[in-house]
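The primary structure of each chain is shown beneath.
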Amino acid sequence: MNKDLTTGNPTAVLWRFCLPLFGSILFQQLYNIADSLVAGKFIGEGALAAVGNSYEITLIFIAFAFGCNMGCSVIVSQFFGAGKYRDVKTAVSTSVLATAALCALLMLTGILGGDWLLDLIHTPDEIFADSKTYLNIYVWGLPFLFFYNLATGIFTSMGDSKTPFFFLAASSTANIAMDILFVKIFGMGVSGVAWATFLCQGISCLLAAAAVCLRLSKMKTEAFPLFSFPILKKVAAIAAPSIMQQSFISIGNMIIQSVINGFGPGVIAGYAAAVKLNNLVVTSFTTLGNGISNFTAQNIGANKPARIKKGFYAGLKMVWLLSLPLFLCYFFAGHTVLGLFMEQPTETAMQTGVLYLKILSPFYFIISAKLVADGILRGAGMMGKFMAATFTDLALRTALAVFLSKTALGQTGIWSAWPIGWTAASVLSIVFYLRRFHAAS
């Protein structure tokens with residue numbers, strides 16, 4: 001059901017709205033975690049390295065899907081908060097048409113340029129074929145990825161975070177079962193992992209799209225235009241910076257992946273397992289930040305900016321409460337958690353993964369605070385400042401990873417780049433937020 005985020009206690013409203021989002025992203029991440037887990041357990045360390053290697057490229061496509069989600073979600077939230085339901089429908093249909101065109105272009109790029117992308121990150125010969133197989137199947141499933149993300153953005157823009165949770169809970173659970181069926185029972189190897197994800201994402205996308213159509217049909221309005229250039233400009237003003245942010249982060253990650261690939265399959269496999277665990281955390285906090293963006297956008301649409309400051313502190317408490325158990329798990333039990341991905345890991349792979357988690361996990365408290373502030377900046381349309389903080393993180397992480405990898409620190413230098421970038425960018429995001437929403441206090 002739709003929910004107005006402009007009334008009620010901001011803390012209670014955000015907790016009720018964001019916790020289902022957190023659950024949703026956990027199940028969303030299960031897709032990728034399940035792929036790596038099944039590949040590592042039932043195929044081998046080489047398959048784990050191949051899936052992890054391709055994953056860095058798929059993040060580019062996910063970046064575009066995320067940007068479409070945010071552009072549509074923020075603008076629909078503003079219209080919904082202002083009670084402009086006719087514009088809500090036009091914003092949705094405009095976003096669907098624009099997303100379809102963008103998705104088609106990216107599919108063409110992925111199909112024709114897959115080899116080039118894998119060569120770009122210096123994919124080792126021994127995992128090239130499996131990496132290409134996984135990437136090819138993933139690219140054909142891009143429409144499911146894009147339109148599911150768009151549907152999720154539409155639900156959350158109207159204050160409904162539970163419906164996406166139910167869809168994801170069912171589809172990700174099915175994905176785990178199909179991963180095991182295709183790989184262990186049918187012996188399909190890496191292609192089985194990719195096809196399981198393809199099918200389950202497809203089903204969840206179709207169900208989510210049908211639910212969106214049903215929800216909008218119940219919103220009684222006069223006839224509305226299916227496409228609007230003025231609304232597209234508003235959507236693009238949010239979507240384009242979000243896409244650029246995520247895309248450049250993905251490109252930065254690809255550069256880092258190319259550096260890691262120079263250390264051999266053992267380090268690649270250890271990083272592939274550990275980075276999935278890290279991305280589970282960061283993506284979860286990003287999703288909570290998206291929920292805060294919807295909260296901010298609705299309240300700006302309703303002309304209630306005072307609620308946004310209370311929302312920031314509520315969001316901060318939420319992410320720090322979640323950071324604590326995640327930090328404790330990764331820092332003290334990293335060896336055990338990583339063991340889920342690798343049946344008989346080499347010493348190099350295990351040491352790599354454990355070291356990565358020990359270096360990054362204490363800084364979850366810092367990066368989570370940044371992502372809360374980012375959510376407010378994005379919801380308020382402050383995309384320039386949002387981009388400045390994000391690119392600071394990206395530039396520092398990428399440059400330091402390349403430089404420090406060539407020093408005596410070796411791979412330890414690569415992992416050390418994350419906390420430095422996170423800390424510098426967090427300071428910027430929080431300062432931007434404070435200047436905008438606390439300057440007049």
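Worth saying up front: this structure is predicted, and the values here are computed from it rather than measured. (Residues numbered from 1 in each chain as written. Predicted model: local features only at pLDDT ≥ 70, side-chain atom pairs only at ≥ 80, totals over all residues. Heavy atoms only, no water.)

**As for the overall build of the protein chain**
Right, on to step 1. Within the protein chain one finds 14 helices and zero strands.
Right, on to step 2. Going from N to C terminus, the protein chain has its helices and strands arranged as α-α-α-α-α-α-α-α-α-α-α-α-α-α.
Right, on to step 3. Over its C-alpha trace the protein chain gives a radius of gyration of 21 Å, about what one expects of a compact globule, namely 22 Å for 441 residues.
Right, on to step 4. With respect to the three principal axes, the spread of C-alpha positions in the protein chain is 60 × 45 × 35 Å.
Right, on to step 5. Within the protein chain, the proportion of its 441 residues that are buried is 60%.
Right, on to step 6. In the protein chain, the proportion of contacts linking residues at least 24 apart, taken out of those at least 6 apart, comes to 86%.
Right, on to step 7. Summing over all exposed atoms, the protein chain offers an accessible surface of approximately 16600 Å²; the carbon and sulfur share of this is 70%.
Right, on to step 8. Taking the average place of the 28 positive charges on the side chains of the protein chain and the average place of its 17 negative ones, the gap between the two points comes to 20 Å. (Helix = DSSP H or I, 4+ residues; strand = E, 2+ residues; numbered from the N terminus. Rg over C-alpha atoms; globule rule 2.2 N^0.38 Å. Buried < 20%, exposed > 50% of the residue type's maximum accessible area, 1.4 Å probe, protein only. Contact = heavy atoms within 4.5 Å. Areas by Shrake-Rupley, 256 points an atom, 1.4 Å probe, with all protein chains shown as cover. Lys, Arg positive; Asp, Glu negative; His and termini not counted. Charge placed at Lys NZ, Arg CZ, Asp CG, Glu CD.)

**Looking at the packing of aromatic side chains**
Right, on to step 1. Within the structure shown, the criterion is met by 21 aromatic pairs.
Right, on to step 2. Measuring from ring centre to ring centre gives 4.1 Å for Phe 312 and Tyr 433, while their planes differ by 25 degrees; the resulting arrangement is stacked. Residue Phe 312 is found in helix H10 (residues 306-338), and its partner Tyr 433 is found in helix H14 (residues 411-437); the two are separated by 121 residues along the sequence. We note that Phe 312, like Tyr 433, is buried.
Right, on to step 3. Judged by centre distance (6.3 Å) and plane angle (65 degrees), the rings of Phe 327 and Phe 332 are edge-to-face.
Right, on to step 4. Classification of Phe 327 by relative accessible area gives buried; the value is 16%.
Right, on to step 5. Residue Phe 332 is classed as exposed on the basis of its relative accessible area of 61%.
Right, on to step 6. Every member of this aromatic cluster is reached through a ring pair, and the members are Tyr 271, Tyr 356, Trp 415 and Trp 418.
Right, on to step 7. The positively charged end of Lys 358 is found above the aromatic ring belonging to Phe 331, 4.3 Å away from the centroid. (Phe/Tyr/Trp six-rings, centres within 6.5 Å; stacked < 30°, edge-to-face > 60°. Lys NZ or Arg CZ within 6 Å of the ring centre and 35° of its normal.)

**A few points about the packing of helix H9 (residues 265-301) against helix H11 (residues 347-360)**
Right, on to step 1. One way to put it is that H9 packs onto H11 with a least axis distance of 7 Å and a crossing angle of 35 degrees. Between H9 and H11 the crossing geometry is right-handed. In contact with Gly 266, Val 267, Ala 269, Gly 270, Tyr 271, Ala 274, Val 275, Leu 277 and Asn 278 of H9, H11 contributes Thr 348, Ala 349, Thr 352, Gly 353, Tyr 356, Leu 357 and Leu 360.
Right, on to step 2. Considering only residue class, the contact of H9 with H11 consists of ten nonpolar, six polar and no charged. (Axes fitted to C-alpha atoms, helices over the stretch in contact; angles between N-to-C directions. Left-handed = near helix turned anticlockwise from the far one by under 90°. Nonpolar A, V, L, I, M, F, W, Y, C, P; charged D, E, K, R; others polar.)

**Here's the deal with helix H12 (residues 364-379)**
Right, on to step 1. For H12, with 16 residues, the first-to-last C-alpha span of 22 Å sits near the 22 Å given by 1.5 Å per residue.
Right, on to step 2. Burial within H12 is extensive, with 14 of its 16 residues counted as buried. (Expected span 1.5 Å × (residues − 1).)

**Examining unusual backbone geometry**
Right, on to step 1. A positive phi is found at His 122, a non-glycine position, where the angle reads about 55 degrees.
Right, on to step 2. By the secondary structure assignment, His 122 is in the loop between helix H3 (85-120) and helix H4 (125-140).

**Digging into a nonpolar patch on the surface**
Right, on to step 1. On the surface, Leu 97, Phe 224, Leu 226, Phe 227 and Phe 229 cluster together to form a nonpolar patch covering roughly 500 Å² of accessible area.
Right, on to step 2. Tracing the backbone through its elements, the reader meets Leu 226 in the loop between helix H7 (190-217) and helix H8 (229-261). (Patch = residues over 30% accessible without salt bridge, like charges linked within 9 Å, V, L, I, M, F, W, Y side chains within 5 Å. Salt bridge = Lys/Arg side-chain N within 4 Å of Asp/Glu carboxyl O.)

**Considering the side chain of Ser 95**
Right, on to step 1. If you trace the backbone, Ser 95 turns up in helix H3.
Right, on to step 2. Every residue in contact with Ser 95, bar those within four places of it in the chain, is listed here: Cys 72, Leu 150 and Val 235.

**Topic: the nonpolar core**
Right, on to step 1. The biggest cluster of nonpolar side chains holds 130 residues, and the ones touching the most others in it are Phe 61, Leu 142, Tyr 356, Trp 415 and Trp 418.
Right, on to step 2. Looking at this core element by element, the count peaks at 19 residues for helix H2 (residues 45-81).
Right, on to step 3. If sequence neighbours within four positions are ignored, Trp 415 has contacts with Ile 260, Val 267, Tyr 271, Thr 352, Leu 355, Tyr 356, Ile 359 and Leu 360. (Core = buried A, V, L, I, M, F, W, Y, C linked by side-chain atoms within 4.5 Å.)

**Comments concerning H4**
Right, on to step 1. Under the 1.5 Å per step criterion, the end-to-end length of H4 is 24 Å for 16 residues, consistent within 8% with the ideal 22 Å.
Right, on to step 2. Among all positions in H4, only Ile 127, Phe 128, Ser 131, Lys 132, Tyr 134, Leu 135, Ile 137, Tyr 138 and Val 139 are buried.

**Remarks on the environment of Ala 209**
Right, on to step 1. In this fold, Ala 209 is placed in helix H7.
Right, on to step 2. Given a relative accessible area of 31%, Ala 209 falls into the partly exposed group.
Right, on to step 3. Taking C-alpha positions, Ala 209 is 9.9 Å from Asn 149, a pair spaced 60 residues apart along the chain.

**What about the confidence of the model for the protein chain?**
Right, on to step 1. Put simply, the protein chain has an average pLDDT of 85, and 95% of its residues get 70 or more.
Right, on to step 2. Considering each helix and strand of the protein chain separately, the mean pLDDT is smallest for helix H1 (residues 10-43), with a value of 74, and largest for H11, with 94. (pLDDT = per-residue confidence, 0-100.)

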